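# Report on the structure
Each chain, letter by letter, is given below.
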Amino acid sequence: MQIVFIGLPGAGKGTQAARIVEEYGIRHLSTGDMFRAAVAEGTPLGLKAKTFMDQGQLVPDDVTIGIVRETLAKPEYRKGFLLDGFPRTVPQAEALDDILASLSLALDHVIYLEVSRETLVERLTGRRVCRKCGASYHVAFRPPARAGVCDLCGGELYQRSDDSAETVGKRLDVNLRQVDALLDYYETKGLVRRVNGEAPIDEVYRQIQDVLRGRPQ
Ligand code: ADP
Ligand code: ADP
Ligand code: ZN
């Protein structure tokens, strides 16, 4: 099973992806998580990505496509994967088609998590992320059992620097046009499945399960 999640920052891609990959035993590939790990480790990739990320800009396509190509070629991805945050541009979507063709694979679903801008701002500014395992929390909508501590691994929760009120608006603007173009790209291929991402986390999850089980929406 090969799935793509499309949605603006804060739509709930990471939250839903964690549950889906667990249930279906497929790999979760988040380009945002990969970039953040590279920045934390200070690798050459991290140094390249950091300036763009800090400004809420996209990392250049050639850099992003390169790491995805390398990652998807690994044997552990042959059981299936969920792409979260990639592709984000039409050139990335075209490159993904090439990568999949070279692996004799095809996408099964492109799931679009639809959420209003107002809600996205609320979600992003209240988001807290585990430093150790990357799990996503929210101060009001999904608080951890103990403030500042990850329920799953006990890691420390922190606020991403690009989730500050100043950067959030910029990120939404940068991504809005790209998401529309991506939806057009995948609509023509008949792959887009729309999910109401505004609903509570469990309800969004049920909708995604319906899509993956091939139930009519
Ligand atoms: P993305 O990966 O799309 O940027 P996340 O999964 O990190 O988004 O979710 C963004 C924020 O919104 C997090 O704080 C998360 O806990 C919260 N969140 C995710 N889904 C929902 C939902 N359905 N309702 C309320 N809050 C949510
Ligand atoms: P969110 O969906 O919450 O914005 P991500 O964790 O997916 O956050 O991405 C964080 C940052 O990493 C983005 O703002 C961008 O700078 C970079 N990034 C992630 N995925 C891509 C991508 N496919 N193309 C370009 N840049 C990316
Ligand atoms: Zn954790």
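Above this text sits the structure in question.
Because the structure is a prediction, the values reported are computed rather than measured.

### With respect to the coordination of the zinc ion (ligand 3)
Looking at the metal site, the zinc ion (ligand 3) is ligated by Cys-130 (SG), Cys-133 (SG), Cys-150 (SG) and Cys-153 (SG), spaced 2.3 to 2.4 Å from it. One can describe the donor arrangement at the zinc ion (ligand 3) as tetrahedral, given that its four donor atoms subtend angles of 96 to 115 degrees at the metal. Going along the chain, you hit the donors of the zinc ion (ligand 3) in the pattern C-x2-C-x16-C-x2-C. You can see Cys-133 sitting in the loop between strand S5 (127–130) and strand S6 (136–138) and its partner Cys-150 sitting in the loop between S6 and strand S7 (157–158), a full 17 residues away along the chain.

### Things to note about the site of ligand 2
Inspection of the region around ligand 2 gives 18 residues, with Thr-31, Arg-36, Gln-57, Gly-85 and Arg-171 positioned closest. Side-chain polar atom of Arg-160 to an oxygen atom of ligand 2: 3.2 Å apart, as the coordinates give it. Take Arg-171: an N or O atom from its side chain is 2.9 Å from an oxygen atom of ligand 2. Protein coverage of the free-state accessible area of ligand 2, which is 550 Å², stands at 98%. It is helix H2 (residues 31–41) that contributes the most residues to the shell around ligand 2, four residues altogether. Among the residues making up the shell around ligand 2, the classes are represented as six nonpolar, six polar and six charged.

### What to know about the pattern of salt bridges
Using the criterion set out here, one finds 14 salt bridges in the structure. For Asp-202, the salt bridge is made with Arg-19, and the minimal N-O distance between the two is 2.9 Å. Taken together, the positions of Asp-202 in helix H8 (residues 201–212) and Arg-19 in helix H1 (residues 13–24) put the pair 183 residues apart, joining distant regions of the chain. Counted as one network, the salt bridges with shared partners bring together Arg-127, Arg-160, Asp-162, Asp-163 and Arg-171.

### A look at the sheet that holds S5
Read across the sheet, three strands follow the order S6-S5-S7 without closing on themselves; strand pairing throughout is antiparallel. With one partner strand each, in any of the chains shown, S6 and S7 form the two edges of the open sheet. Both S5 and S6 contribute to a ladder of three bridges, which runs antiparallel. Bridge pairing in S6 places Arg-128 opposite Tyr-137.

### A word on the site of ligand 1
Near ligand 1, the surroundings consist of 20 residues, among which Thr-15, Arg-127, Ser-136, Tyr-137 and Ala-199 are the closest. Between Arg-127 and ligand 1, the recorded distance is 2.6 Å, taken from a side-chain N or O atom to an oxygen atom. Protein chains shield 92% of the accessible area of ligand 1, which is 560 Å² for the free molecule. For the shell around ligand 1, the secondary structure elements donating two or more residues are H1, S6 and H8. A class-by-class count of the residues in the shell around ligand 1 yields nine nonpolar, seven polar and four charged.

### Describing unusual backbone geometry
A cis amide bond links Phe-86 with the next residue in sequence, Pro-87, at an omega value of -5 degrees. Residue Ser-104 is not a glycine yet carries a positive backbone phi of 55 degrees. In this fold, Ser-104 is placed in the loop between helix H5 (90–102) and strand S4 (109–114).

The rules behind each value
Residues numbered from 1 in each chain as written. Chains lettered and ligands numbered in written order. Predicted model: local features only at pLDDT ≥ 70, side-chain atom pairs only at ≥ 80, totals over all residues. Heavy atoms only, no water. Donors = N, O, S within 2.8 Å, 3.2 Å for Na, K, Ca; no water. Tetrahedral: all angles 85-135°; square planar, octahedral: opposite > 155°, others 65-115°. Helix = DSSP H or I, 4+ residues; strand = E, 2+ residues; numbered from the N terminus. Near = heavy atom within 4 Å. Polar contact = N/O pair within 3.5 Å; in protein donor to acceptor, adjacent residues only side chain to side chain. Areas by Shrake-Rupley, 256 points an atom, 1.4 Å probe, with all protein chains shown as cover. Nonpolar A, V, L, I, M, F, W, Y, C, P; charged D, E, K, R; others polar. Salt bridge = Lys/Arg side-chain N within 4 Å of Asp/Glu carboxyl O. Pairing = 2+ DSSP bridges.

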